[in-house]
Amino acid sequence: YFCRYGERWELQLKGSGKTPYSRNGDGRAVLRSSVREFLCSEAMHYLGIPTSRAASLVVSDDDVWRDQFYNGNVKKERGAIVLRVAKSWFRIGSLEILAHSGELDLQRRLLDFVIREHFPSIAMNDSNRYLEFFSTVVSETANLIALWMSVGFAHGVCNTDNFSLLSITIDYGPFGFMDSYDPNFVPNTSDDERRYKIGNQANVGLFNLSKLLQALKPLLDPRQKQLVSQILEGYSEQYYIRFTELFKAKLGLLGENEDDNYLIAFLLKVSLLI
């Protein structure tokens, strides 16, 4: 942690080596991807999109072996370490794994910590605090993915372990920006099924939120379980409204007109044909 102007930020090293969470990987990062993460996270910040940020990049003397295009051609690359900064690195997967393991007491403690530290508008003595938390995450996730779409950003690996509970962009891996509109754009060469194509990001967001809902259910009473499902049902509308707002702003459309949505869809289709 470090504090600045009364705010607390978490520091994280990417590429520093094995940790208890490295699974079978070497915990290293190559210079190529490290530079991309540094530049893109800063670019996203100045585009007004919630994101982690890069504080420093240090080149390592270690050689790192990587199959860049996942085609069996492994090459030696220069290693690097990025110092990343965010308000929190907790992800949907942080709660999902505890629920899956049946560690409900630890899950409740972690969830209360996250709410207390990062959701100050939610009262800790409120019996519905987990509903309020979930409602906020649903809304902010819809906003984040709409922002991604407004600049043509494809994350590349939108699993629950790469989705922040604070709804910020984290874990820049095989991301990419579309040069021209293509809903089938995939920046990840290993994504053979095109699961994380840019046109599917909103649906993947819904899938990840449904996994968060399942993780929260053991902590809820029957009434709350019904309400939390209703909250999730509102995700699609929230995303659509925010998506429309952003694209209307890009086109300079003022006020409300029933033809606005048609015009947005038409222009996207035209750009697909160019």
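The residue numbers shown here count from 1 along each chain, following its written sequence. Whole-chain, interface and lining totals are the exception, using all residues; otherwise, since this is a predicted model, local features are given only for residues with pLDDT of at least 70 and side-chain atom pairs are given and counted only at 80 or more. Neither water nor hydrogens contribute to the side-chain values; these are computed over all heavy atoms in the structure.

Focus: the nonpolar core
- Residues Phe133, Phe134, Trp148 and Leu212 are the most contacted members of the largest nonpolar core, which totals 59 residues.
- Taken domain by domain, the makeup of this core includes at least three residues from each of domain 1 (10–86) and domain 2 (92–250).
- Contacts are assigned to residue pairs that have any heavy atoms within 4.5 Å of one another. Not counting residues up to four positions away in its chain, the partners in contact with phenylalanine 134 are Leu209, Leu212, Leu213, Leu216, Val228, Ile231 and Leu232. Among buried residues, the Ala, Val, Leu, Ile, Met, Phe, Trp, Tyr and Cys ones that are joined through side-chain atoms within 4.5 Å form a nonpolar core. Only protein chains enter the area calculation, which uses a 1.4 Å probe; residues under 20% of their type maximum are buried, those over 50% are exposed, and those in between are partly exposed. All domain edges in this entry derive from an automatic or database-based domain assignment.

What about the domain arrangement of the chain?
- When the domains of the chain are assigned, the result is domain 1 (10–86) and domain 2 (92–250).
- Taking the mean C-alpha position of each, domain 1 and domain 2 sit 23 Å from one another.
- Buried area between domain 1 and domain 2, summed over both chains or domains, comes out near 1,400 Å², and the portion from carbon and sulfur atoms is 62%.
- Should a side-chain nitrogen of Lys or Arg be within 4 Å of a carboxyl oxygen of Asp or Glu, the pair is scored as a salt bridge. A salt bridge links arginine 84 to aspartate 171, with the nearest nitrogen and oxygen atoms 3.3 Å apart.
- N or O atoms within 3.5 Å of each other form a polar contact, as long as, within protein, one can give a hydrogen and the other can take it, and as long as residues adjacent in sequence are counted only when both atoms are side-chain atoms. The interface formed by domain 1 and domain 2 holds 8 residue pairs in polar contact (both at pLDDT 80 or more) in total.
- Secondary structure elements follow DSSP: runs of H or I of four or more residues count as helices, runs of E of two or more count as strands, with numbering from the N terminus. It is helix H1 (residues 31–46) that contributes the most residues to the side of domain 1 that touches domain 2, 5 residues altogether.
- When residue character is reported, Ala, Val, Leu, Ile, Met, Phe, Trp, Tyr, Cys and Pro are called nonpolar, Asp, Glu, Lys and Arg charged, and the others, Gly included, polar. Broken down by class, the residue content of the side of domain 1 that touches domain 2 amounts to 8 nonpolar, 5 polar and 4 charged. Two parts placed together each lose some accessible area under a 1.4 Å probe, and the buried area is that loss summed for both.

Section: the pattern of salt bridges
- Scanning all chains against the criterion turns up 16 salt bridges.
- Each of Lys14, Glu37, Arg84, Arg91 and Asp171 takes part in a single network of salt bridges with overlapping partners.

A closer look at the packing of helix H2 (residues 92–100) against helix H3 (residues 104–118)
- The contact between H2 and H3 brings their axes to 8 Å, and the two run at 160°. Judged on the interaxial angle alone, H3 and H2 are roughly antiparallel. For the element pair H2 and H3, the recorded crossing hand is left-handed. Of H3, the residues touching H2 (which contributes Ser94, Leu95, Leu98 and Ala99) are Leu104, Leu106, Gln107, Leu110 and Leu111.
- The class makeup of the residues in the contact of H2 with H3 is 7 nonpolar, 2 polar and no charged. Only the contacting stretch of a helix is used when fitting its axis, a line to C-alpha atoms as for every element, and angles between N-to-C directions run 0 to 180 degrees. Each angle is binned into one of four classes, with values under 35 degrees roughly parallel, values over 145 roughly antiparallel, values of 65 to 115 roughly perpendicular, and all other values oblique. Crossing handedness: left-handed means the near helix sits turned counterclockwise from the far one by under a right angle, and right-handed means the same turn made clockwise.

A word on the packing of helix H4 (residues 129–150) against helix H6 (residues 222–233)
- Relative orientation of the contacting elements H4 and H6 amounts to 10°, with a least axis distance of 10 Å. Classified by the interaxial angle, the pair formed by H4 and H6 is roughly parallel. Side by side, H4 and H6 meet where Leu131, Phe134, Ser135 and Val138 of the first sit next to Gln224, Leu227, Val228, Ile231 and Leu232 of the second.
- Residues of the contact of H4 with H6, tallied by class, amount to 7 nonpolar, 2 polar and no charged.

Considerations on the layout of surface pockets
- Grid points spaced at 1 Å and placed over the protein atoms alone form the basis of the search, with a cavity being a set where a 1.4 Å probe fits but cannot get out and a pocket an open set showing protein on both sides within 12 Å along at least five of seven lines. Lining residues have an atom within 4 Å of a point. Grid points are joined across faces, edges and corners, and a volume is the space filled by probe spheres set on the points. Here the second largest pocket defines a volume of roughly 530 Å³.
- In terms of lining residues, the second largest pocket is bounded by 28 residues, among which Met149, Tyr181, Phe243, Phe247 and Leu268 are the most central.
- Elements with a contribution of two residues or more to the lining of the second largest pocket: H4, helix H5 (201–216), helix H7 (235–251) and helix H8 (260–273).
- When residues of the lining of the second largest pocket are assigned to their parent elements, the largest contribution, 7 residues, is made by H7.
- Looking at side-chain class alone, the lining of the second largest pocket contains 16 nonpolar, 10 polar and 2 charged residues.

Comments concerning the packing of aromatic side chains
- The pairing test for Phe, Tyr and Trp rings, Trp by its six-membered ring, is centres within 6.5 Å, and the orientation test on the planes gives stacked under 30 degrees, edge-to-face over 60, and tilted for anything in between. Counting across every chain of the model gives 11 aromatic pairs.
- On the basis of an interplanar angle of 80° and a centroid distance of 6.3 Å, the ring pair of phenylalanine 90 and phenylalanine 113 is categorised as edge-to-face. Within this pair, whereas phenylalanine 90 is found in the loop between strand S4 (75–86) and H2, its partner phenylalanine 113 is found in helix H3, the two being separated by 23 residues in sequence.
- Classification of phenylalanine 113 by relative accessible area gives partly exposed; the value is 22%.

Focus: the pairing of S4
- In this sheet, S4 lies alongside strand S2 (residues 7–14) in antiparallel orientation, the contact comprising 5 bridges. Across the sheet, leucine 13 pairs through a bridge with leucine 83, a residue of S4.
- Whether two strands pair comes down to DSSP finding at least two bridges between them. When strand S3 (residues 53–66) meets S4, the two strands line up antiparallel, connected through 10 bridges. Looking at S4, one finds that leucine 57 is bridged to valine 82.

With respect to the environment of valine 138
- Structurally, valine 138 can be placed in helix H4.
- Taking the C-alpha atoms as reference points, valine 138 and asparagine 257, separated by 119 residues in sequence, lie 27 Å from one another.
- Residue contacts for valine 138: discarding those within four places in its chain leaves Leu209, Ile231, Tyr235 and Gln238.

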